[in-house]
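# Coordinate inspection notes
Residues per chain, in single letters:
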Amino acid sequence: MNKTAAFICFSALAAVGLIGAVVLAIHRPDATATFTSLIVTVLGLASVAAGTFYQLGKQSDKIDTIRTQTNGTLSKLREDNESLHQQNAELREKLGPASGRHREFPE
């Protein structure tokens with residue numbers, strides 16, 4: 001949810017609450033306090049929800065950025081590691097056990 005959409009939603013809720021408060025003050029002035037506290041609660045919940053949704057969207061963007069930055073990096077490291085293991089095995093075979101330098105290492 002972008003900032004403009006959050007502002008429009010919050011403004012719409014505030015307008016509906018203000019219109020409802022005026023209509024209620026005209027028809028039933030004794031219930032105005034209860035309705036006003038309800039509107040304040042709804043506007044507070046709406047603002048917290050808008051902030052939460054905005055932050056979740058930003059977090060999702062950061063996760064996507066991290067995913068695209070690391071995509072291929074780990075597979076490239078694995079390929080390099082595998083090629084190094086193959087080179088190591090070839091060199092051990094060439095060196096042979098008779099030279100005295102060849103030792104078996106557990107993999």
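This structure is a prediction, so every number in the text was calculated from the model and none was measured. Think of each chain on its own: its residues are numbered from 1, step by step along the sequence as written. Per-residue local features of the predicted model are confined to residues with pLDDT of at least 70, and side-chain atom pairs are confined, for both listing and counting, to 80 or more; whole-chain, interface and lining totals are unaffected and use all residues. Side-chain measures here rest on the full set of heavy atoms in the structure, leaving out hydrogens and waters.

Secondary structure follows DSSP: runs of H or I at least 4 residues long count as helices, runs of E at least 2 residues long count as strands, and numbering of each begins at the N terminus. Each helix and strand counted, the chain has 3 helices and 0 strands in total. To sort residues, take the accessible area from a 1.4 Å probe on protein chains only and compare it with the maximum for the residue type: under 20% means buried, over 50% means exposed, and anything in between is partly exposed. Residues classed as buried in the chain amount to 7% of the 107 residues present. All accessible areas in this document rest on Shrake-Rupley with a 1.4 Å probe, and a residue is counted as covered only by the protein chains that are shown. Accessible surface, the chain as shown: approximately 9,000 Å² in total, 64% of it carbon and sulfur.

Glancing now at a nonpolar patch on the surface. Residues qualify for a patch when their relative accessible area is over 30% and they have no salt bridge, like charges being joined within 9 Å and the nonpolar side chains of Val, Leu, Ile, Met, Phe, Trp and Tyr within 5 Å. Any Lys or Arg side-chain nitrogen located within 4 Å of an Asp or Glu carboxyl oxygen qualifies as a salt bridge. On the surface, Leu13, Leu38 and Val42 cluster together into a nonpolar patch covering about 220 Å² of accessible area. Position of leucine 38 among the secondary structure elements: in helix H2 (residues 32-70).

The next thing to look at is the pattern of salt bridges. The tally for this structure, following the rule as stated, stands at 1 salt bridge. In this structure, the salt-bridge partner of arginine 28 is aspartate 30, at a minimum N-O distance of 3.7 Å. For arginine 28, a relative accessible area of 47% translates into the label partly exposed. The class of aspartate 30 is exposed, set by a relative accessible area of 61%.

Across the chain, the average pLDDT comes to 78, with 82% of residues at 70 or higher. A score from 0 to 100, pLDDT tells how confident the predictor is in each residue. Within the chain, the lowest mean pLDDT, 79, falls on H2, and the highest, 85, falls on helix H3 (residues 73-95).

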